[in-house]
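Secondary and tertiary structure notes
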Amino acid sequence: MTTPRTPATASEPASESGTRPRREDVLSGRAGYVGRRRPLLRLVDRGLDLASGLLGQRRQLDRLAALLPRQRVLALAIYSDERAAVLEQALSELAATRHSLTVRLAATGAGSPALARLTVVRGARGGKFENLNRLLEESPSWGEFDWIVVLDDDVALPPRFLDRLVAACAGLRFDLAQPALSRSSHGAWPVTHRRLPLARTTRFVEIGPVTVFSRRAAGALMPFPALRYGWGLELHWSALAARHKLRLGVVDALPVRHELAPVASSYPAERAIAEALDFLAERPFVPSRRAAVTLARHFRLPRREVSKRAAALR
């Protein structure tokens, strides 16, 4: 079942380009820091887990996952030596998939011995998206992958994550998507925090902690702009998604945990804001008040669409 939430459509035109954006056009208006509320929010997460089970959301995803042909998936991540163990756990979960998975990593330090085989860039310098572009350069056939997953080094993934994520995106025709953040996670954008539906169509998808791109989306959005922090990039993505008719979504049934550190804890937020304002001044973007909204809620995968998508991908 799909429930519309706003009269707007996913192809709504972007905001004016060439005008200097204001801070309120770029920011969510919330700090997103959880703090002492985490124990209570974890109880909310448990309640949503129970509701998701009663609604059979994961069973729906598993049924579709079994029908889909094997997909080619490229996973990209940049990690610090201090968080290598966290990334190892996330990659272990990604690897528990029936799909064909290729992983390419960049280390900002010496790199983890356990991840040595996957680490193709060591001593990475520059910004996040500059280094992601370096990883794309190390994977010259990246445009041939069915899906590209970009993940941070401080996120915990739920079971059967990749199979279910691909199923959700295939079944709901999401080109650019993210798993929802658990309620106990740090996150500044309320639209990305977990809710009751299986998934939601949105006009906004974050640059992290986990973002998935279909082949169409990768062709339209990659390589990435050479940004250090990347704030504001998702608002530019919203405009490009309308131009290229890409479908955006948040998958609530697969919440990830992003609890290790608040946003901008390792760099100056003011620099990230300044970068965003400069970046968007010369590019089309959708202001935050119009971008970070839910367009439709999906409580079930549409059966006919599921069959069509499974057949089309074979």
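None of these values were measured; they are calculated from a predicted model.

A word on the pattern of salt bridges. Applying the stated criterion across every chain yields a total of 18 salt bridges. R194 is paired through a salt bridge with D45; the nearest N and O atoms lie 3.8 Å apart. Placement of R194 in the loop between β6 (176–181) and β7 (199–202) and of D45 in helix α2 (residues 38–54) is noted, with a sequence separation of 149 residues between them. For D163, the salt bridge goes to R160, with nearest N and O atoms at 3.6 Å. Owing to a relative accessible area of 4%, D163 belongs among the buried residues under this scheme. Here the residues in one salt-bridge network are R22, E24, D25 and R289, joined through shared partners.

A separate point is the packing of helix α3 (residues 57–67) against helix α6 (residues 161–171). The geometry of α3 relative to α6 is characterised by a closest axis approach of 8 Å and an angle of 85° between their N-to-C directions. Classified by the interaxial angle, the pair formed by α3 and α6 is roughly perpendicular. In contact with R58, L61, D62, L64 and A65 of α3, α6 contributes D163, R164, A167, A168 and G171. In the contact of α3 with α6, the residues fall into 5 nonpolar, 1 polar and 4 charged.

For strand β5 (residues 147–151), the buried fraction is high: 5 of the 5 residues fall into the buried class. Relative to β5, strand β2 (residues 72–79) runs parallel, the two sharing 5 bridges. In the strand pairing of β5, V73 is matched with W147. Summarising the sheet, β5 and strand β8 (residues 210–214) pair through 5 bridges and their orientation is antiparallel. Its bridge partner lying in β8, V150 is registered against T211.

Here we take up the nonpolar core. Core analysis: the largest hydrophobic core is formed by 48 residues, its most contacted members being L76, L132, I148, F213, M222, F224 and W237. Those elements that provide at least two residues to this core are β2, α5 (128–137), β5, α7 (215–221), α8 (233–244) and α9 (269–281). Beyond its immediate chain neighbours, meaning those up to four positions away, W237 contacts L176, V205, E206, I207, T211, F213, L221 and F224. Core analysis: the second largest hydrophobic core is formed by 44 residues, L87, V149, L162 and L165 among them.

Another point: the packing of aromatic side chains. Evaluation of the coordinates by the stated rule reveals 5 aromatic pairs. When the centroid spacing of 5.9 Å and the interplanar angle of 65° are considered together, the rings of F213 and F224 count as edge-to-face. One end of the pair, F213, is in strand β8; the other, F224, is in the loop between α7 and α8, and 11 residues separate them in sequence. Residue F213 shares its accessibility class with F224, and that shared class is buried. Aromatic pair F224 and W237: ring centres 6.4 Å apart, planes at 45°, arrangement tilted. Pair noted here: F224 is in the loop between α7 and α8 and W237 is in helix α8, with a separation of 13 residues, a long-range link. The class of F224 is buried, set by a relative accessible area of 5%. Taken together, the ring pairs in this structure connect F129, F213, F224 and W237 into an aromatic cluster. Here the basic side chain of R72 rests over the ring of F145, its NZ or CZ set 4.4 Å away from the ring centre.

Rules behind the numbers
Residues numbered from 1 in each chain as written. Predicted model: local features only at pLDDT ≥ 70, side-chain atom pairs only at ≥ 80, totals over all residues. Heavy atoms only, no water. Salt bridge = Lys/Arg side-chain N within 4 Å of Asp/Glu carboxyl O. Helix = DSSP H or I, 4+ residues; strand = E, 2+ residues; numbered from the N terminus. Buried < 20%, exposed > 50% of the residue type's maximum accessible area, 1.4 Å probe, protein only. Axes fitted to C-alpha atoms, helices over the stretch in contact; angles between N-to-C directions. Parallel < 35°, antiparallel > 145°, perpendicular 65-115°, else oblique. Contact = heavy atoms within 4.5 Å. Nonpolar A, V, L, I, M, F, W, Y, C, P; charged D, E, K, R; others polar. Pairing = 2+ DSSP bridges. Core = buried A, V, L, I, M, F, W, Y, C linked by side-chain atoms within 4.5 Å. Phe/Tyr/Trp six-rings, centres within 6.5 Å; stacked < 30°, edge-to-face > 60°. Lys NZ or Arg CZ within 6 Å of the ring centre and 35° of its normal.

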